[in-house]
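Architecture and fold: a report
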Amino acid sequence: MSALIYKQRFFHPNHPKTPVSNYVHIGYIATRPGAIRHENRTHGLFGKLRPGDLQRFTSWQEVARTAREISRQGKNMYRSVISFRTETALELGLSTFSDWQAYMEQHIATLAAQNQIKTENLSWAAAYHNEREHPHLHVVFWDNKQAVMKNFTHPEIPNRIRKQLIKDTFAFKLKEFCAQRDASKASVTQVTDRIVEEFEAYLKRLNPKAFRALQQRFEQEDEDCLLRFPKHHLIEPASVKQLAERLFELRRHMPIAGRLAYQLLPPETKALVDVLVRDLLQDNRYLAQMVEDYVQAKLDMARLYTSDPEQLEKQRSKYVAEAEKRIANRILATIRTIIKLEQEADIGIRQAERRIALAEQLLLELLNRMEGLFMQAQLDYDDKAKVMGGDLSKQAKKEWLLRHKDRGLER
């Protein structure tokens, strides 16, 4: 059991999927629901790609592109997580985004040193996720001057990092703990690993259930997998119950025969599906944000070909409609499941628990689907922009110059 959770891993640079995986991971930690975002920005990524002041990156993509490139060069990109219980974080004074940024800047040297990375060669980026019961930092870091590819990190390295972080983070509490434990002895001058272990055992005895939950949270869940990350905490029970009722109401309006596909529905039924899609986006801000992220990524691609505002607005409407149609078809897939269960005379289909389970599954799959589509659209844009040599194509630049050529004379 630990007063502080520290996890570290990396994907082997030799694996063909590693560069894309590292790119996606950075986008995930920077933008996923729960990530605290910078004011007026769509992400919360901060760190240092070079020595100097702490950066609030203009975009997460600039870091992700760099990570993808260093992966292609055979360098290791380490993924790590630092987490506390909520009560512990508050006791440590970690209550605001700025507090967490300062904490990471203060302790990143420990991660680098234990991985044998010199400070002047270190690049890193982090994001703060303010989740209930387990606020945590995601940190990615690498050695810009790494010459030899690594295929293994000894488990003792993250263990040493965890212990050193505890020594530095809980310095005052450790001193207090030692004073209470060794009241009859002289003051302890050095905090050893043995003292850290005793301190953790002491904290565990104070609240064994809470510490067990924290440990399991990061042992059982795959923080590195975008599409498999559990999202149950992003769904309100009341919303799930309401959606379940509306799904079964909508089922009564479905055609008796024929394939259930959005484009084949009668106009009146299609209108009912459209209303449910809009209400879902209104009710679930996480789903709405993922749709917006997807639309923006697609618009970035469109801007490579045109900068005409009117044309881009048409494209935006097209991408929104495309996303909404995907959601509509996924709703219809759930209704097909309901119909199938009814045909099989599954009496359980009428039970409230079954209805709620189907509705929750639908929401989780929608979140996963839009998350994946957004990342794929962003990857497509980055690849295309690199091939075309910039953010705008020659035709787009020409259009922009034609529209702006007389502005200097008008002023």
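Further up the page is the structure itself.
What comes next concerns the included structure. (Residues numbered from 1 in each chain as written. Predicted model: local features only at pLDDT ≥ 70, side-chain atom pairs only at ≥ 80, totals over all residues. Heavy atoms only, no water.)

Side note on the overall build of the protein chain
Here is the rule: Numbering of helices and strands starts at the N terminus; helices are DSSP runs of H or I of at least 4 residues and strands are runs of E of at least 2. Exposure classes here rest on a 1.4 Å probe applied to the protein chains alone. A residue is buried below 20% of its type maximum, exposed above 50%, and partly exposed in between. Residues are treated as being in contact if the distance between any of their heavy atoms lies within 4.5 Å. The Shrake-Rupley method, run with a 1.4 Å probe sphere, supplies the accessible areas, and residue values consider only the shown protein chains as cover.
Within the protein chain, the regular secondary structure consists of 15 helices and six strands. Counting every position in the protein chain, which comprises 411 residues, the buried fraction comes to 46%. For the protein chain, restricting intrachain contacts to residue pairs at least 6 apart in sequence, the fraction spanning at least 24 positions comes to 75%. As displayed, the protein chain has an accessible area near 22,000 Å², and 50% of this comes from carbon and sulfur atoms.

Quick look at helix 4 (residues 97-114)
Here is the rule we go by: A helix is expected to reach a length of 1.5 Å times the quantity of its residues less one. In this scheme, the bend at a residue equals the angle between the axes fitted to the seven residues that finish there and the seven that begin there.
In a regular helix each residue adds 1.5 Å, so 18 residues correspond to 26 Å; helix 4 covers 26 Å between its end C-alpha atoms and thus fits that length. At H107, helix 4 shows its largest bend, some 40 degrees. Buried residues of helix 4: F97, W100, Q101, Y103, M104, H107, I108, T110, L111 and A112, and no others. One or two residues past the end of helix 4 sits Q116, with phi positive at roughly 60 degrees.

Some remarks on the pairing of strand 4 (residues 78-83)
Put simply, the test is: Should DSSP find at least two bridges between two strands, the strands are taken to pair.
Burial runs high along strand 4: six of the six residues are buried. Here strand 4 pairs with strand 6 (residues 136-143) via six bridges, running antiparallel. Directly across from I82, in strand 6, lies its bridge partner L137.

What about the sheet that holds strand 2 (residues 46-48)?
The six strands are arranged 1-4-6-5-2-3 in an open sheet whose pairing can be described as antiparallel. Looking at strand neighbours, the two that pair on one side only are strand 1 (5-10) and strand 3 (55-56), the edges of this open sheet.

Overview of the side chain of T269
Turning to its location among the elements, T269 is positioned in helix 10 (residues 267-283). The class for T269 is buried, based on a relative accessible area of 4%. Once residues within four sequence positions are removed from consideration, T269 is found in contact with H253 and M254.

With respect to the pattern of salt bridges
Where we set the bar: Whenever Lys or Arg places a side-chain nitrogen within 4 Å of a carboxyl oxygen from Asp or Glu, that contact is recorded as a salt bridge.
In this structure the tally under the stated criterion is eleven salt bridges. A salt bridge links D383 to R68; its shortest N-O distance comes to 3.0 Å. Of this pair, D383 sits in helix 13 (residues 352-388) while R68 sits in helix 2 (residues 60-72), placing them 315 residues apart in sequence. The partner of R252 in a salt bridge is E249, and the shortest N-O contact between them spans 2.1 Å. Exposure remark for R252: the relative accessible area of 58% places this residue in the exposed category.

Notes on the packing of helix 10 against helix 12 (residues 309-343)
As a reminder of what qualifies: Convention adopted: a line fitted to C-alpha atoms gives each axis, helices being fitted over their contacting stretch, and angles between N-to-C directions are expressed from 0 to 180 degrees. Each angle receives one of four descriptions, namely roughly parallel if under 35 degrees, roughly antiparallel if over 145, roughly perpendicular if within 65 to 115, and oblique otherwise. Three classes are used, and their members are as follows: Ala, Val, Leu, Ile, Met, Phe, Trp, Tyr, Cys and Pro are nonpolar, Asp, Glu, Lys and Arg are charged, and the others, Gly among them, are polar.
Where helix 10 contacts helix 12, the axes come no closer than 10 Å and their chain directions differ by 110 degrees. By the angle between their axes, helix 10 is roughly perpendicular relative to helix 12. Here helix 10 contributes V273, L276, V277, L280 and L281 to the contact with helix 12, which in turn contributes E324, I327, A328, I331 and L332. In the contact of helix 10 with helix 12, the residues fall into nine nonpolar, no polar and one charged.

Details of the packing of helix 9 (residues 237-251) against helix 10
Closest axis-to-axis distance for the helix 9/helix 10 pair is 11 Å, and the angle between their directions is 175 degrees. Between helix 9 and helix 10, the crossing angle belongs to the class labelled roughly antiparallel. Contacts between helix 9 and helix 10 involve S239, L243, R246, L247 and L250 on the former and, on the latter, L272, V273, V275, L276, D279, L280 and D283. Of the residues belonging to the contact of helix 9 with helix 10, the class tally is eight nonpolar, one polar and three charged.

With respect to the nonpolar core
For the record, the criterion: To define a nonpolar core, start from buried Ala, Val, Leu, Ile, Met, Phe, Trp, Tyr and Cys residues and group those joined through side-chain atoms within 4.5 Å.
Membership of the largest hydrophobic core comes to 68 residues, with the highest contact counts inside it found for L45, L247 and I331. If we skip the residues at most four places from it in the chain, I331 touches L247, L250, L276, V277, L280 and L362. Grouped together as the second largest cluster of nonpolar side chains are 36 residues, Y6, F84, W124 and L174 included.

A look at the side chain of H136
So the rule is basically this: For this analysis, a polar contact is any N or O atom pair within 3.5 Å, provided that within protein one partner can donate a hydrogen and the other can accept it, and provided that sequence-adjacent residues contribute only side-chain to side-chain pairs.
Of note, H136 is situated in strand 6. The class for H136 is buried, based on a relative accessible area of 0%. Looking at H136, its side chain comes within polar contact range of the side chain of H138, at 3.3 Å.

Quick notes on the packing of aromatic side chains
Note the threshold: In summary, the pairing rule links any two rings of Phe, Tyr or Trp, Trp by its six-membered ring, whose centres are within 6.5 Å, and it sorts them by plane angle into stacked for under 30 degrees, edge-to-face for over 60 and tilted for everything else.
Applying the stated criterion across every chain yields a total of eleven aromatic pairs. On the numbers, 5.6 Å between centres and 70 degrees between planes, the contact of Y23 with W60 is edge-to-face. Within this pair, whereas Y23 is found in helix 1 (residues 18-31), its partner W60 is found in helix 2, the two being separated by 37 residues in sequence. Here W60 falls in the buried class, since its relative accessible area comes to 2%.

Focus: the environment of G52
Mapped onto the elements, G52 comes out in the loop between strand 2 and strand 3. A C-alpha to C-alpha distance of 9.7 Å links G52 and E120, two positions 68 residues apart in sequence.

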